[in-house]
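# A look at the structure
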Amino acid sequence: LVHDKTLWHGITKVTRGVKYSLLFFFDEPERDMSSQVSVYFNNVRVSNRSVDIFWQAENGVLKAVHSGLGPGEKLLQISFPNHVFVARDSASGDVVG
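Residues numbered from 1 in each chain as written. Predicted model: local features only at pLDDT ≥ 70, side-chain atom pairs only at ≥ 80, totals over all residues. Heavy atoms only, no water.

## A closer look at the sheet that holds strand 6 (residues 62–69)
- Taken together, three strands build an open sheet; the order of strands is 6-5-8 and the sheet is antiparallel. In this open sheet, the two strands that pair with only one neighbour each are strand 6 and strand 8 (84–89). On average, each strand axis in the sheet is tilted by 25 degrees relative to the strand beside it, whichever way the strands run.
- In this structure, strand 5 (residues 51–56) lies alongside strand 8, joined through six bridges in antiparallel fashion. Directly across from Asp52, in strand 8, lies its bridge partner Arg88. (Pairing = 2+ DSSP bridges. Helix = DSSP H or I, 4+ residues; strand = E, 2+ residues; numbered from the N terminus. Axes fitted to C-alpha atoms, helices over the stretch in contact; angles between N-to-C directions.)

What follows is the structure in structure tokens.
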């Protein structure tokens, strides 16, 4: 069952034992798929070190997008307007962009 596109509920009939219910809550806002944008990352750091790319969720949590973007490498990422990305040095974890 789907309730208001934010809660999915699954349950099954059992003949004996314990009955479990499974719920999924989707608390991210619904996105208009037609508003997707292309985001390009290009590692042009003078230090010749790799970077890890993260997407920053609205609650501040970083979600890994790509690990080890090497010097001179490029990455195309499909995203949505207003998404915030963070680049960290792969070795030190320092924020570099």
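## Here's the deal with the pattern of salt bridges
- Counting across every chain of the model gives one salt bridge.
- The shortest N-O distance in the salt bridge between Asp89 and Arg49 comes to 3.0 Å. With Asp89 in strand 8 and Arg49 in the loop between strand 4 (37–42) and strand 5, the pair connects residues that are 40 residues apart, well separated along the chain.
- When its relative accessible area of 4% is taken as the criterion, Asp89 is described as buried.
- Given a relative accessible area of 35%, Arg49 falls into the partly exposed group. (Salt bridge = Lys/Arg side-chain N within 4 Å of Asp/Glu carboxyl O. Buried < 20%, exposed > 50% of the residue type's maximum accessible area, 1.4 Å probe, protein only.)

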